[in-house]
Amino acid sequence: MFGRFLDTFCNGLRFLLGFLVAALAIPVGMQVIARYTGIIPVYLWTEELATFLFVWVVMIGAMVAVWDGTHFDVRVIPDARIPLLKLIQNGFVLVMVGAFAVIFAWYGIEYAKFGYIQNSVMMRANMMITYISVPITGVVWMFFTGYRLYEAVAEYRASTQKV
């Protein structure tokens, strides 16, 4: 049940990611047209908006990658065939990702508070709009890695009960 909720949540993140990438094309396109054709004037706020959108695209992409198991996971040794070693191998990666998630969430709160007292130069937008992405990403990573660790333990238990 919880896994289905997290999967649905991740699908929502994928949709949001696609929307933000499409939205990112607008200010970047305006910058390119303004700089190389002169058809429209150079708007400096487009660069800030592109930066804000890009930060969110990166963070949401990282969230989706953690759910898919494609982020922070580089195999330097072959996948284990023995269930206990497979649990240790996958569990180590998940625990390390979870540790980084806690760091992102914990220190990201102070980072977001720092962003709250700042405004962007051109748009005059509060910088917390982008700074808040760090602790949110950390919290989402914690849920995703916690569930993936639960699944790895359940898979190990199921494989040992068959024997």
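The preceding data block contains the structure.
This one's a predicted model, so the numbers in the text were calculated from it and none came from an experiment.

Procedures and definitions
Residues numbered from 1 in each chain as written. Predicted model: local features only at pLDDT ≥ 70, side-chain atom pairs only at ≥ 80, totals over all residues. Heavy atoms only, no water. Helix = DSSP H or I, 4+ residues; strand = E, 2+ residues; numbered from the N terminus. Contact = heavy atoms within 4.5 Å. Polar contact = N/O pair within 3.5 Å; in protein donor to acceptor, adjacent residues only side chain to side chain. Core = buried A, V, L, I, M, F, W, Y, C linked by side-chain atoms within 4.5 Å. Buried < 20%, exposed > 50% of the residue type's maximum accessible area, 1.4 Å probe, protein only. 1 Å grid on protein atoms, 1.4 Å probe; cavity = no way out; pocket = protein on both sides within 12 Å on 5 of 7 lines; lining within 4 Å. Points joined across faces, edges and corners; volume = space filled by probe spheres on them. Nonpolar A, V, L, I, M, F, W, Y, C, P; charged D, E, K, R; others polar. Axes fitted to C-alpha atoms, helices over the stretch in contact; angles between N-to-C directions. Parallel < 35°, antiparallel > 145°, perpendicular 65-115°, else oblique. Left-handed = near helix turned anticlockwise from the far one by under 90°.

K.L.:
Even after reading the chapter, I still don't get the environment of Glu 48, so can you show me in this structure?
P.N.:
Of note, Glu 48 is situated in helix H2 (residues 45-68). It is 9.5 Å that separates the C-alpha atoms of Glu 48 and Ala 125, two residues lying 77 residues apart in sequence. Other than its neighbours up to four places away in sequence, Glu 48 contacts Ser 120, Val 121, Met 122 and Met 123. At 2.9 Å, the side chain of Glu 48 and the backbone nitrogen of Met 123 are in polar contact.

K.L.:
What should I look at first to understand the nonpolar core in this one?
P.N.:
When a protein is soluble and globular, its nonpolar side chains tend to lie buried together. In this structure, Leu 13, Leu 20, Ile 60, Met 63, Trp 67, Trp 141 and Phe 144 are the most contacted members of the largest nonpolar core, which totals 24 residues. Considering every element that reaches this core, the biggest residue donor is H2, with 10 residues. In this structure Phe 144 touches Leu 6, Phe 9, Cys 10, Leu 13, Met 63, Val 66 and Trp 67, once residues within four positions along its chain are discounted.

K.L.:
Even after reading the chapter, I still don't get the environment of Val 93, so can you show me in this structure?
P.N.:
Along the chain, Val 93 falls in helix H3 (residues 83-116). Expressed as a C-alpha distance, the spacing of Val 93 and Gln 118, which sit 25 residues apart in the sequence, is 36 Å.

K.L.:
In this structure, what is going on with the layout of surface pockets? I would like to understand it.
P.N.:
Here the largest pocket defines a volume of roughly 450 Å³. In terms of lining, the largest pocket is formed by 26 residues, of which the most central are Arg 75, Asn 90, Leu 94, Arg 148 and Ala 152. Listing elements by their share of the lining of the largest pocket, those giving two or more residues are H2, H3 and helix H5 (133-162). The class makeup of the residues in the lining of the largest pocket is 12 nonpolar, six polar and eight charged.

K.L.:
Before we go on, may I ask you to explain the side chain of Gln 31 in this structure?
P.N.:
With respect to the secondary-structure elements, Gln 31 resides in helix H1 (residues 2-36). Residues in contact with Gln 31, not counting those within four places in the same chain, are Thr 46, Glu 47 and Ala 50.

K.L.:
I'm lost on the packing of H1 against H2 in this one. Help?
P.N.:
If you want to describe how two helices pack, look at the angle between their axes and the distance between the axes. H2 packs onto H1 with a crossing angle of 155° between their chain directions and a minimal axis gap of 8 Å. Relative to H2, H1 is oriented roughly antiparallel. Pair H1 / H2 crosses with left-handed handedness. Considered class by class, the residues forming the contact of H1 with H2 number 23 nonpolar, four polar and five charged.

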